[in-house]
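What the coordinates show
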Amino acid sequence: MSTATAAKNTAQVLCGVHDLVDYSGVVALHDGRQIALFYLPHGRDRHSAPEVFGIDNHDPFSNANVIGRGIIGDKAGELVVASPIYKQHFRLTDGVCLEDSDVRLATFDVRLEGECVVIV
Amino acid sequence: MQDLTIHPEKKQLIIIGNGMVGHHCVEQLIERGATQDYQIHVFGDERHRAYDRVHLSEYFSGKDADALALGEANLHATHGVLLHLGVRISSIDRDRREILTPEGRLPYDSLIIATGSWPFVPPIPGPEVSEHPQARLVYRTLEDLDAIRHHAIHARRGVVIGGGLLGLEAANALKSLGLEAHVVEFASRLMPVQLDDQGGTALRERIEALGVGVHTGCATEEIVATPGHDYAYRMNFRGGEHLDTDLVLFSAGIRPQDQLARDAGLEIGERGGIVIDETCRTSDPEIFAIGECALWNGKTFGLVAPGYTMARTVAGCLTDVCEPFSGADMSTKLKLLGVDVGSIGDAFGTTEGAKSYRWIDEAGSGYRRLVVSSDGKKALGAILVGDNSYYDTLLQYVQNGIDLPKDPAALILPQSEGGAPTLGADALPDTAMVCSCHNVTKGAICKAVDDGCADIAALKIETKASTGCGGCAALLKQVFEHELESRGMDVDKSLCEHFHYTRQELYAMVRVEGITSFDELLEKHGHGLGCDICKPTIGSILATCWNQPIMDPQNVALQDTNDTFMANMQKNGTYSVMPRIAGGEITPDKLVALGQVAQKYDLYTKITGGQRIDLFGAELHELPDIWEELINAGFETGHAYGKSLRTVKSCVGNTWCRYGVQDSVAMALELEHRYKGLRTPHKVKMGVSGCTRECAEAQGKDIGVIATEAGWNLYVCGNGGMRPRHAELFATDIDSATLIRYVDRFLMFYVRTADKLQRTSVWRESLEGGLDFLKEVIIDDSLGLGDELERQMHHVVDTYECEWANALKDPEKLKRFRTFVNEHGGDPDIVNITERDQPRPARTNELQSLAVEIR
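Residues numbered from 1 in each chain as written. Chains lettered and ligands numbered in written order. Predicted model: local features only at pLDDT ≥ 70, side-chain atom pairs only at ≥ 80, totals over all residues.

1. What about the packing of helix H10 (residues 442-450) of chain B against helix H11 (residues 456-463) of chain B?
Axes are the key here: two packed helices are described by the angle between their axes and the distance separating the axes. Residues and elements named next belong to chain B. Their axes nearest at 10 Å, the elements H10 and H11 cross at an angle of 120°. Taken as axis vectors, H10 and H11 run oblique relative to one another. Crossing geometry of H10 relative to H11 is assigned as right-handed. Taking contact as the criterion, the partners of Ala444, Ile445 and Ala448 in H10 are, on H11, Leu459, Glu462 and Thr463. Split by residue class, the contact of H10 with H11 holds four nonpolar, one polar and one charged. (Axes fitted to C-alpha atoms, helices over the stretch in contact; angles between N-to-C directions. Helix = DSSP H or I, 4+ residues; strand = E, 2+ residues; numbered from the N terminus. Parallel < 35°, antiparallel > 145°, perpendicular 65-115°, else oblique. Left-handed = near helix turned anticlockwise from the far one by under 90°. Contact = placed C-beta atoms within 7 Å. Nonpolar A, V, L, I, M, F, W, Y, C, P; charged D, E, K, R; others polar.)

Written out as structure tokens, the structure is:
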């Protein structure tokens, strides 16, 4: 695992942008946490700058590490990922489950820096 | 009588007769909780469970006894009702309140006679019946139909004596069997009970145009055997005319089956029929009679709806509230030999002062008559020949006494002339009867909608509307949709918030506009980013139309995880791997290779229901290596992860089996290799059996093929699983090329018209026009789509490529198969336990105890 420190002081590189998949997810390991990374190459309106979101890969409903393999999209304007097991939707921005707002996944401050994806 | 166990604490209720009315009575009794107080016995002298006699002629055009059967097969057992089939009651002993069967006596507290009627055969002199059964056939039971089928094998021409409703149904049956059919009617016109002279003429012209001979005003004086002649029999008519034939089928009316009641001394009408009062009680208050055997107010009723009403009356009397029987509407809407015929209320205008409007189309053999009251304000009755689309509206005017519009004639004028003023669902009062078989009013439908019925299927289950004769289906839909709209409920058929179109509409756009990517479709016709509903649906449509690899960059984000990684995700996030084992045929070498892969990667191994082998527990990063080995061993992907053809199950066929009549394995291989990879709205399963023993269970599949001596029988739209559905016979004795052509067209038509995630069985039930419509489209090419559908299928077949072989060639695609983008290896949270010598995922409690040990 690469732990090379990026330009900013505390940011650490997770992977390269080329490791991401357009409009879909991959998973990175960071300090023993599994982070699902979702990539919108043209932003949430499909016409602006690229964006990346980091969210816990663990699905609390199935107890399996699968969120990164869900389909992303929007519901009533909110960016969401659907769990591939029992299909609950989680907001990419804050991890809240749309079907059960008591459930919330951890989210991570991940950013694009040049050709790298970093976690702050 | 060992199975006649008696619950001494319960009253004994015996129902004699297991026809449609007897069966309905049982259903009603169960629904009203009668089984708490009564031990119910049902006796039927036929060996079949209750079946739909109204649609009997479909027995020759695709439906078998099971498909005609009424209600759930385990209804009786579930509710503790004892059903005795094939048992004829010898007599009723009213003094001792017992019935006598060949097996013994059984006491009753209450008795219901629902014995129906028997076909009347006029005493026409003819050859000895025992030697010439084919000169005196009747048409009433499944056994009668088996006899007709048997005698039709070597016959060319068949004659039905009787031109009424049942006679024409019988002629249809003969025609379905490939015979030249004739109808001989004593009266001067066909259907003399329902139609007037002009209606009879129009019907006759239409039926003759179909190649059925019609002979009215003909009295048959004798039937003579003519051995050595072209035809086996000659029918001589009064006046010297004659008609030669190979078989004679009598359908000259029915008579109440009242013998048991006669022998028991119950009051019987002058011309037969067990006399009942408005509670359906006979002259013995403990004995009821219902259906065609009963005589109420001097009338018998030869239709199913009045019988059902009587059944409800009796069920009410024996449980809570007795609603008196007060006669029944004898209006009928029929399709006879494909010709629409309707007769409503006072069709002949016998009410004093009644006037008629008539529309006669001599060129097209159409006829409509509207009978109105003397003041011209109310409709009294109607006759329709050739087009029943007017029926529902006219029936509502008559039944509900709705005031006629200013120009009543408009109600029967052709609708192209500015459009007839059809009666909207909102004009119907709440008391308006929508389904007369099950007594469902518009008010009951409104209540069901209020209670949450949001689709037609749920409504049918809740109210039973349109589950009897089905004649009210169109009206039911109209009322239902109107009620939904009037409540402001969503009748939006949009796929999701991103596309305001149905799957069918999106399919057409993709095809017609040549759209090849989700982005392009979203740009042109959608909003937002898409979601987990529209992405896989459109991914499937794109795959069907253009057959691009699902792992190509523009498609990959559309797929469910199973399609993305071409394996089936299990509950712990690992995958199962299932290579294709076409037709369930596998060489020993490949079997060994499969075993070696399972050993190497420590995969749980299980044989599936579809004659394949599933390997469970593979992690994401292991999938490419596993597949590399499988492909090297000669396997290809099995599409177990896709909404696509899964397997074609087969029996071993005539290569080995002494009963087989065709090579079922070869046919299964041909089908599986032809349709593998085709993306469909939902999964598709097939089966091929080498003989009628049906070891491959083909009739439980979307496409079922059963070998015959002459070729193949094709069945469609079956289903197993949660909601089993018997497949329906679609074509018989076809050769292999025809079979492939029909299946090509069938599958492509399904892909084009089905909703998302709709199996063929549900699709078939939602098709207006049903199986007949499907046959017209596929077999007769009524929509002119045949060539196009075949061409589209050829494209898919010609461009097939194993998705796993394609992915393994491309390092970019393989990048997806990493558990972590920044670490090698697998998910540390996946823990297996060994059970029965194989790995399985650890359960939560096991994980906790493991954690304790590690600490």
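2. Thoughts on the environment of Lys590 of chain B
All names here are of chain B. The residue Lys590 is located in helix H18 (residues 588-600) in this model. Distance from Lys590 to Phe635, taken between C-alpha atoms, is 7.9 Å for residues 45 residues apart in sequence. The residues contacting Lys590, other than those within four sequence positions of it, are Ala633, Gly634 and Phe635.

3. Observations regarding the UniProt feature "binding site: siroheme" (unreviewed entry) in chain B
All names here are of chain B. UniProt tags Cys695 as "binding site: siroheme" (unreviewed entry). Tracing the backbone through its elements, the reader meets Cys695 in the loop between strand E33 (684-689) and strand E34 (703-708). Overall, the presence of 18 C-beta atoms within 10 Å leaves Cys695 in the partly exposed class. (UniProt positions renumbered as here; feature names shortened; annotations may be inferred. Buried ≥ 20, exposed ≤ 12 C-beta atoms within 10 Å, placed from the backbone.)

4. Some thoughts on the sheet that holds strand E36 (residues 728-734) of chain B
Residues and elements named next belong to chain B. Taking strand neighbours across the sheet as the criterion, the five strands line up as E32-E33-E34-E35-E36 in an open arrangement whose pairing is mixed. Looking at strand neighbours, the two that pair on one side only are strand E32 (645-650) and E36, the edges of this open sheet. Along the sheet, successive strands turn relative to each other by an average axial angle of 15°, direction set aside. Note that strand E35 (residues 711-716) and E36 share four bridges and pair antiparallel. (Pairing = 2+ DSSP bridges.)

5. Some details on the sheet that holds strand E12 (residues 213-215) of chain B
All names here are of chain B. If you trace the five strands from one edge of the open sheet to the other, you get E9-E16-E10-E11-E12, paired in parallel fashion. A strand with exactly one partner marks an edge of an open sheet, and here the two such strands are strand E9 (137-138) and E12. The strands touched by helix H5 (residues 165-176) are strand E10 (157-161), strand E11 (180-184) and strand E16 (247-250); relative to E11, the strand with the most contacts, the crossing angle is about 165°.

6. Concerning the nonpolar core
If you look at the biggest cluster of nonpolar residues, it comprises 127 residues, and the most contacted ones within it are Ala28, Leu37 and Val81 of chain A together with Val705, Leu714 and Leu747 of chain B. A total of eight residues in this core trace back to one element, the largest contributor, which is helix H21 (residues 736-753) of chain B. In this view, Leu714 of chain B contacts Val705, Phe730, Ala731, Ile734, Leu739 and Tyr742 of chain B; residues no more than four positions away in its chain are not counted. Judged by nonpolar contacts, the second largest core, of 69 residues, contains Ile99, Tyr108, Leu260 and Ala432 of chain B. (Core = buried A, V, L, I, M, F, W, Y, C linked by C-beta atoms within 7 Å.)

7. Notes on the interface of chain A and chain B
Interface extent is often summarised as the accessible area lost during association of the parts. Across the contact, 29 residues belong to chain A and 24 residues belong to chain B. Of all the secondary-structure elements, those providing two or more residues to the side of chain A that touches chain B are strand E1 (12-16), strand E2 (25-30), strand E6 (64-65) and strand E7 (71-75) of chain A.

8. As for the pairing of E11 of chain B
All names here are of chain B. Along E11, four of the five residues are buried, which leaves the element largely enclosed by surrounding structure. Direction of pairing for E10 relative to E11: parallel, over a ladder of five bridges. Counted as the bridge partner of Ile161 is Val184 from E11. With H5 bridging E10 and its parallel neighbour E11, the resulting β-α-β unit is right-handed. When E11 meets E12, the two strands line up parallel, connected through three bridges. Each bridged residue has a counterpart across the sheet, and for His182 the counterpart in E12 is Gly213. (Right-handed = clockwise from strand over helix to strand, strands pointing away.)

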